[in-house]
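# Structure assessment
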Amino acid sequence: MAEANLRDVDAEISNLIDEENRREHETMRLIASENYASRAVMEATGSCLTNKYSEGYAHKRYYEGQAVIDQVEELAIARLKKLFGATAAIGGEDDIHVNVQPYSGSPANLAVYLAFCQPGDVIMGLGLPAGGHLTHGHSVSITGKYFKSVPYGVRREDHRIDMDEVRKLALENRPKVIWAGTTAYPRTLDFPAFRAIADEVGAILAADIAHIAGLVAAGEHPSPFGIADVVTSTTHKTFRGPRGGMIFSKKQHAAAIDKAVFPGLQGGPHNHTTAGIAVAAKEALQPAYKTYAKNVVENAKELAQALVEKGFAVTTGGTDNHLMLIDVTSKGIGGKPAAQALDRAGIVANYNAVPFDPRKPFDPSGIRIGTPAVTSRGMGKAEMRTLAAWIDRVVASPTDEALIAKVAGEVKELCQKFPAPGLRV
C-alpha cells in the first residue's frame, strides 16, 4: 500500500513549501548568503540518510550499521581535500584534515574555540559593525561572553581592514586566536598578512570562509589553505551545497578539532547533510563551477559599478567578491525601509549596518546585496544593469505601491527567462 504524500498528510505545510518555491522562482534573490542548491544536492539531503544515527567518526562509531554512512562521510572528505587542497599556498590535500560534521558555520566556529581556548582567553576578529561575524567575538554572542574579545576594524577613510591596527592590537593583547573572516566586507582578505601577525604573537590563525568558500574553491579569491591553522565554513552560500558546516585544519590540529566537534559540542552528525556536501563538492570539481564563480564576481562588480553611477554610496567604492554594502542615506532613506520596499518589488536583500553607522543595528543605514543566486540562474552583466535601474527606481519612491507593483511584474518576467536551478516548476 502506497504511503500518503506530504499534501495528503499536511496540506498547510505543503502549501507553504509551494509558496516559497514560487517566491524563489519569481524574485531576484540578492541575499549574499543565499543560493540555489542543485536538484542532486536536495535529493541527497531529502534521502533516507536522515533516518540514521552515527555518533563518532568513520570506522570509530558508537552505533552499529555504519557501513554505508562511513563511505558517505569518507567520500565527502576526500572530495573536499582534493578541491581545497588544490588551492593551498603551501602543502596540499595531504596536509589537510577535514571534519564535515558541524551542523552549521556557527557551531564550526565554536569548535575552534573549544579546541584552542579556555574561558577568558583573548580572541580577535573583525568587529560586527565593520563587517565581521557574531561568532568572532561580538558581545551578544556566547563568543563575546566567554572570551575577552578585542575587535579590529576598518579605516574610516576607505572602509578597508586596517592591518596596522590588527598588528598593534595583537601585540598589545596577545590573543589566543585571530579570526580572518567576514560577513559583510566586499574586498579580498590578505591571509599572509594575518599569518605574519599571528606568528608574531603566537596565535592560532582561523580563517572563516563561510561567505567565500565557493570563490576560494574556484580560484576567484585568495586561499587561506596552507596559511591558516584552521579554516571554517558553511556549505551553502557561494559553495552551493546544503545547510551545514565544515572545518579544515592542519594535520597537527586534527585530534583537537574532532574532539571539539564530537563529543565536545554535538552528538550524531546529520548524514543526509553530509551526503549533500559530498554532492556539492563533486559539482565544485567540475569545470563549469569555475565559470559560475567567475561570473559571480563579475556580476557583483558590474552591479556595484552600475549603482555607483546612479549615485549610491557603495562601501569601499566597489567589490572584489560576491557582495556589496550600500549606504542609502544619500537617497533620503534608511536601510530597513529600503530593503522592505525592494522586497515588495521582488528584489530580496537585507538591511545592514555600514562601517561607522550612526543608526541602530535594527534600523541601519545600509543594505547588503549579493550575486550568487542570480548568477546560478544564469544571469549576467546585462541583467545586473537592469537590476540596478530597478533598485534605483524603488529606493527613490519606496511608498509608491503602483511603481513597486510594476517593478515586481518586470522582475517576475525576467526571472521566467532564467529558470531557478534545483526547483520544481
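Residues numbered from 1 in each chain as written. Predicted model: local features only at pLDDT ≥ 70, side-chain atom pairs only at ≥ 80, totals over all residues. Heavy atoms only, no water.

### Examining the side chain of Thr274
In this structure, Thr274 sits in helix H11 (residues 271–284). Contacts of Thr274, omitting those with residues within four sequence positions, involve Val72, Glu73, Ala76 and Val100. (Helix = DSSP H or I, 4+ residues; strand = E, 2+ residues; numbered from the N terminus. Contact = heavy atoms within 4.5 Å.)

### Topic: the sheet that holds strand S5 (residues 122–126)
Pairing is mixed in the open sheet, where 7 strands are placed in the order S4-S10-S9-S8-S7-S5-S6. Sheet topology places strand S4 (96–99) and strand S6 (148–152) at the edges, where each strand pairs with a single neighbour. Across the sheet, the mean angle separating the axes of adjacent strands is 20° when strand polarity is ignored. In the sheet, S4 pairs with strand S10 (residues 245–250) via 4 bridges, with the strands oriented antiparallel. Across the sheet, His97 pairs through a bridge with Ser249, a residue of S10. Most of the contacts of helix H4 (residues 67–85) go to S4, to which it runs at about 135°, and overall it touches S4 and S10. Sheet contacts for helix H7 (residues 163–173): S5, S6 and strand S7 (177–181); angle to S6, the most-contacted strand, approximately 160°. (Pairing = 2+ DSSP bridges. Axes fitted to C-alpha atoms, helices over the stretch in contact; angles between N-to-C directions.)

### Let's talk about unusual backbone geometry
The amide bond that connects Phe262 to the next residue, Pro263, takes the cis arrangement and shows omega of 10°. For Pro263, the position within the fold is in helix H10 (residues 254–265). Phi angles above zero are rare outside glycine, and Phe356 is one such case at about 60°. Looking at the secondary structure, you find Phe356 in the loop between strand S14 (350–352) and strand S15 (366–370). The class of Phe356 is partly exposed, set by a relative accessible area of 37%. (Buried < 20%, exposed > 50% of the residue type's maximum accessible area, 1.4 Å probe, protein only.)

### Side note on the packing of H4 against H11
Taken N-terminus to C-terminus, the directions of H4 and H11 make an angle of 35°; their axes are 8 Å apart at the nearest point. Judged by the sense of rotation from one axis to the other, the crossing of H4 with H11 is left-handed. Contacts between H4 and H11 involve Ile69, Val72, Glu73, Ala76, Arg79, Leu80 and Leu83 from the former and Asn271, Thr274, Ala275, Ile277, Ala278, Val279, Ala281, Lys282 and Ala284 from the latter. Grouping the constituent residues of the contact of H4 with H11 by class yields 11 nonpolar, 2 polar and 3 charged. (Left-handed = near helix turned anticlockwise from the far one by under 90°. Nonpolar A, V, L, I, M, F, W, Y, C, P; charged D, E, K, R; others polar.)

### Focus: the layout of surface pockets
Of the volumes computed, that of the largest pocket is approximately 840 Å³. In this structure, the largest pocket is lined by 38 residues; those nearest its centre are Asn35, Ala37, His236, Gly241 and Arg243. For the lining of the largest pocket, the elements supplying multiple residues, two or more each, are helix H2 (11–26), helix H3 (39–45), helix H5 (105–116) and strand S9 (230–234). For the lining of the second largest pocket, the element with the highest residue contribution is S14, accounting for 3 residues. Grouping the amino acids of the lining of the second largest pocket by side-chain chemistry returns 10 nonpolar, 10 polar and 3 charged. For the lining of the second largest pocket, the domains that each give at least three residues are domain 1 (48–285) and domain 2 (298–417). (1 Å grid on protein atoms, 1.4 Å probe; cavity = no way out; pocket = protein on both sides within 12 Å on 5 of 7 lines; lining within 4 Å. Points joined across faces, edges and corners; volume = space filled by probe spheres on them. Domains from an automatic or database assignment.)

### Notes on the nonpolar core
Core analysis: the largest hydrophobic core is formed by 58 residues, its most contacted members being Leu80, Phe84, Ile178 and Phe239. Ranked by size, the runner-up nonpolar core spans 38 residues in total, among them Ala304, Leu387, Val394 and Cys415. (Core = buried A, V, L, I, M, F, W, Y, C linked by side-chain atoms within 4.5 Å.)

### Describing the packing of helix H13 (residues 335–344) against helix H15 (residues 381–396)
Look at H13 against H15: their axes get within 9 Å of each other, and the N-to-C directions meet at 120°. When the axis of H13 is compared with that of H15, the two are oblique. For the pair H13 and H15, the crossing hand works out as right-handed. Of the residues in H15, those touching H13 at Ala338, Ala341 and Leu342 are Ile391, Val394 and Val395. Considering only residue class, the contact of H13 with H15 consists of 6 nonpolar, no polar and no charged. (Parallel < 35°, antiparallel > 145°, perpendicular 65-115°, else oblique.)

### Brief notes about the domain arrangement of the chain
Put simply, an interface is often sized by how much accessible area is lost when its parts join up. According to the domain assignment, the chain contains domain 1 (48–285) and domain 2 (298–417). A separation of 29 Å is found between the C-alpha centroids of domain 1 and domain 2. Of the residues lining the interface, 18 residues belong to domain 1; the matching set on domain 2 comes to 18 residues. Interface area, domain 1 with domain 2, both sides summed: about 1600 Å², of which 56% is carbon and sulfur. (Buried area = accessible area lost by both parts, 1.4 Å probe.)

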